[in-house]
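Structural overview
Now for the letters of each chain:
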Amino acid sequence: MASTNATTTYHSGRVDLPARSPGIGWLAVVSVMLGIFSIVTTEILPIGLLTKIGSSFAISDGVAGLMMTMPGILAAISAPVITVATAHIDRRLMLCVFMLMLAGANFLAAAAPDYWLVLVSRVIVGVVIGGFWSIGAGLAQRLVPAASVGRATSVIFSAVPLGSVLGVPAGTFIGDLAGWRTAFVVMGALTVGVLVMLLLVMPPLPPNQRTRLSVLRGMCKSVNTRFALLLTFLVVLAHFGTYTYLTPFLEQVTDASSQLITGFLLVYGAAGIVGNFLGGAVVTRYPRAAFGLAAGMIAAVTLLLPVLGRWQIGAVALLIVWGVAYGAVPVSSQTWFTKATPHAPEAASVLFTASFQATISLGALAGGVIVDRTSPSAVMTLGGLAAALVVVAAWAHFARRLTWPDNA
């Protein structure tokens, strides 16, 4: 319930915002969303600039794909380590520190004279992903009234498709006009703006429940948590093993120009926004169906791309389906983890972040090895087979008719 005085008080782990500023909670939610938007955009920005960055350093597409592998590895490690190590520190302060680090990483990438410095910047990005995501993904319940938590969570997670619909196409467009380094400079400036907003609108968030390693170990004993880990691993492996190398595919197979690729990515991202909110609306009541349907759509798209993606109309149609499907994945995965551990939302976010990011790095790495030895079309086919395994696993889970235990 809202506080009746002009100070900020704390009850049951939630922040009761000042009565004189009823909208401040939603501004804080938006600031978290913009922080995640900056992180997501920075993380996947190299996808649209992959060939340009590779050419400037005279490296292959597979080696350039390490820019996607490095953040995922570090995020998977830093998510539990940083969250546990900083459990006693105000969460607002940690969010601001992470935004400062992200801005520095973008500026370092823009100025890097050698590729190894670009990879160093990506290591920093990985640390930021692990820390900010683990803290920020579960903050909705501390910022808005209980009745608005679901809507606020959807707003926060809308940053994921927004990073695709706005961030990556805009970064690709800037890279075409002024070079890939300028795209990272702009991203750094945007991150500084988000830092300022966090300082202005985010209320103090002293830790109300410390996340311990024992809690994370306990989560993994739950059947539903282990199944969520399996589904997350397979679907993210399939997605990022293929999506990381979408630009080379569109260039080599679809024969699309840089400007057209930017438009394709924009269409994909717009579809992702639709998928995010559709997934959020469905997954609470039908978690198995939401995950299985999204995986099935990703499998169909990536298996069909080598065939229908030779034509531009076929490629764009499949990208629309792909965008809707993947847009539902992050919110579906986070929901599964949260349902499995309703008493420890930050711990659920830690496990979600660690598993998600570890699989992003593995998918990008596996795709890079395959694309350097075969072709972008082979990457799409293998990714489709991995996504198909999710459908099989979800159906097997449905057949066993497992439900969410009250104390999972």
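Everything discussed here concerns the structure shown above.
To start, this report covers the structure provided alongside it. Bear in mind that the values here come from a model prediction, so they are computed numbers and not experimental data.

Right, let's talk about the overall build of the protein chain for a bit. Along its length, the protein chain carries 18 helices and 2 strands. Burial status across the protein chain gives 56% buried among its 408 residues. Excluding contacts between residues fewer than 6 apart, the proportion of contacts in the protein chain whose partners are at least 24 apart in sequence is 85%. When the accessible area of the protein chain is evaluated, it comes to approximately 15,500 Å², of which 70% is carbon and sulfur surface.

In terms of nonpolar packing, the biggest core is built from 90 residues, with Phe-132, Trp-133, Leu-143 and Trp-322 touching the most fellow members. In terms of residues, this core owes the most to one element, helix H1 (residues 24-57), which gives 10 residues. Setting aside its immediate chain neighbours within four residues, Trp-322 contacts His-239, Thr-242, Tyr-243, Leu-246, Tyr-268, Ile-298, Val-301, Thr-302, Leu-305 and Met-380. Counting residues in hydrophobic clusters, the runner-up holds 20 residues, among them Leu-49, Tyr-115, Val-371 and Val-379.

Right, let's get into unusual backbone geometry. Both trends apply: most residues other than glycine have a negative phi, and most peptide bonds are in trans. The backbone of Ala-58 shows a phi angle near 60°, a positive value even though the residue is not glycine. Among the structural elements, Ala-58 can be located in the loop between H1 and helix H2 (61-64). Residue Ala-58 is classed as exposed on the basis of its relative accessible area of 72%. The backbone phi angle of Asp-255 is positive, close to 60°, even though this residue is not glycine. The class for Asp-255 is exposed, based on a relative accessible area of 62%.

Side chains three or four residues apart in an α-helix point the same way, a direct result of the helix having 3.6 residues per turn. For helix H5 (residues 115-136), built from 22 residues, the straight-helix expectation of 32 Å at 1.5 Å per residue is met to within 8% by its first-to-last C-alpha distance of 31 Å. Buried residues dominate H5, accounting for 17 of its 22 residues.

Procedures and definitions
Residues numbered from 1 in each chain as written. Predicted model: local features only at pLDDT ≥ 70, side-chain atom pairs only at ≥ 80, totals over all residues. Heavy atoms only, no water. Helix = DSSP H or I, 4+ residues; strand = E, 2+ residues; numbered from the N terminus. Buried < 20%, exposed > 50% of the residue type's maximum accessible area, 1.4 Å probe, protein only. Contact = heavy atoms within 4.5 Å. Areas by Shrake-Rupley, 256 points an atom, 1.4 Å probe, with all protein chains shown as cover. Core = buried A, V, L, I, M, F, W, Y, C linked by side-chain atoms within 4.5 Å. Expected span 1.5 Å × (residues − 1).

That's the geometry; what it means functionally is another story.
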